[in-house]
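For reference, the chains in residue letters:
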Amino acid sequence: MTSDSGVTHDPSRSLRDWQYDLREQLRVLTDQPEQEARWLLAAALGLDGAALLRNALLPISSEEETRITALLTQRRAGVPLAYCLGEWSFYGLDLCVAPAVLIPRPDTETLVTLALEGLAEEGASRVLDLGTGSGAIALAIAQARPQAEVWAVERSPAALQVARANGALLAPQVHWLEGDWYAPLDSALRFDRIVANPPYLADSDPHLPDLRHEPWDALVAGPSGLECLERIIAGGYERLSLLGMLLLEHGPDQGNAVRGLLNNAGFSAVQTRCDLAGRERVSSGTRI
Ligand SMILES: C[S@@+](CC[C@H](N)C(=O)[O-])C[C@H]1O[C@@H](n2cnc3c(N)ncnc32)[C@H](O)[C@@H]1O
């Protein structure tokens, strides 16, 4: 039988034969070809890991072959694994992801951990996530602090759709708003934490070609890279409750500039935390 791609389908080839094949083809792309082959097969066939093992010797149908080769073609074209799979893990949550949203990074888990520090486990607290993308930060906080009132703002309607879908499954209590940073919020709302992982690359950043599959507007702030951080800091102080804290992820070379912006905006206890590699990645300030 001939598939849509014009390649003859071999009905004697089992799932395991395909798994070996994928693994070999993925070797040039990744240092975890075995794992990626399993994940891509699982996504193409709609199976979990245990079912992949159980069905290892069963033949692959022509339709299944079409789905497997479509995913492999995407991956070989450099599409990030997360977009091929349509889901990604962040802070222990399985999130749907699509090309409209930034793929949540492990680095951003540091921001979540710091935001949760000192945030009461019981009782009312209010948290705002600016530029929520997939909803990763808002949902991680909502899961860890189910009593908290969590708000999330996103300018991209397509990204917000992904966040809302994740929210419906993981934390229906989160309030999702579309708009430009603080603009869609009621001006009377005050927050105990404002968190953001905003775009912070300059439009000339040499890493951008490697990130070409992710949305430009999620990555690039403008000519300096500091434009979004400046706007979030400028509007943050008046939105915080007393002792409320603004926490911002930024590039490893932006710590000094962000501390300066926080100090100039009147924040106290301004500090920067490093990641495991010792790079400055999250700066914060408190309203007193
Ligand atoms: C670096 S991504 C972070 C996504 C998510 N918070 C995460 O950590 O994975 C920045 C997000 O900010 C959004 N964004 C950019 N400019 C914005 C603006 N003016 N107002 C609200 N959101 C904005 C982008 O669309 C993007 O989803």
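Provided above is the structure to which this section pertains.
As the structure is a computational prediction, the values presented were derived from the model and not from experiment.

1. Topic: the sheet that holds strand 6 (residues 191-196)
So, step 1. Taken in spatial order, the seven strands line up as 5-4-3-6-9-11-10 in an open sheet, and their pairing is mixed. At either margin of the open sheet sits one strand with a lone partner, and together these are strand 5 (175-178) and strand 10 (268-274). Pairs of neighbouring strands in the sheet enclose a mean axial angle of 15 degrees, with direction left out of account.
So, step 2. As judged from the four bridges shared by strand 4 (residues 149-154) and strand 5, these two strands associate in the parallel manner.

2. What about the pairing of strand 1 (residues 87-90)?
So, step 1. Where strand 1 and strand 2 (residues 93-96) come together, four bridges link them in antiparallel fashion. By the bridge assignment for strand 2, tryptophan 88 is matched with leucine 95.
So, step 2. Between the end of strand 1 and the start of strand 2, which pair antiparallel, lie two residues, with tyrosine 91 showing a positive phi angle near 50 degrees.

3. Side note on the site of the ligand
So, step 1. Lining the immediate surroundings of the ligand are 17 residues, of which Gly131, Glu154, Asp180, Asn197 and Ala218 lie closest.
So, step 2. The contact in question runs from a nitrogen atom of the ligand to an N or O atom on the backbone of glycine 131, over 2.9 Å.
So, step 3. In the model, a nitrogen atom of the ligand is placed 3.3 Å from a nitrogen or oxygen of the arginine 155 main chain.
So, step 4. Starting from 600 Å² of accessible surface for the ligand in isolation, the protein chains cover 97%.

4. Observations concerning unusual backbone geometry
So, step 1. Phi is positive for leucine 243, close to 70 degrees, though the residue is something other than glycine.
So, step 2. Position of leucine 243 among the secondary structure elements: in strand 9 (residues 240-249).
So, step 3. Residue classification places leucine 243 among the exposed residues on the basis of a relative accessible area of 58%.

What counts, and at which threshold
Residues numbered from 1 in each chain as written. Predicted model: local features only at pLDDT ≥ 70, side-chain atom pairs only at ≥ 80, totals over all residues. Heavy atoms only, no water. Pairing = 2+ DSSP bridges. Helix = DSSP H or I, 4+ residues; strand = E, 2+ residues; numbered from the N terminus. Axes fitted to C-alpha atoms, helices over the stretch in contact; angles between N-to-C directions. Near = heavy atom within 4 Å. Polar contact = N/O pair within 3.5 Å; in protein donor to acceptor, adjacent residues only side chain to side chain. Areas by Shrake-Rupley, 256 points an atom, 1.4 Å probe, with all protein chains shown as cover. Buried < 20%, exposed > 50% of the residue type's maximum accessible area, 1.4 Å probe, protein only.

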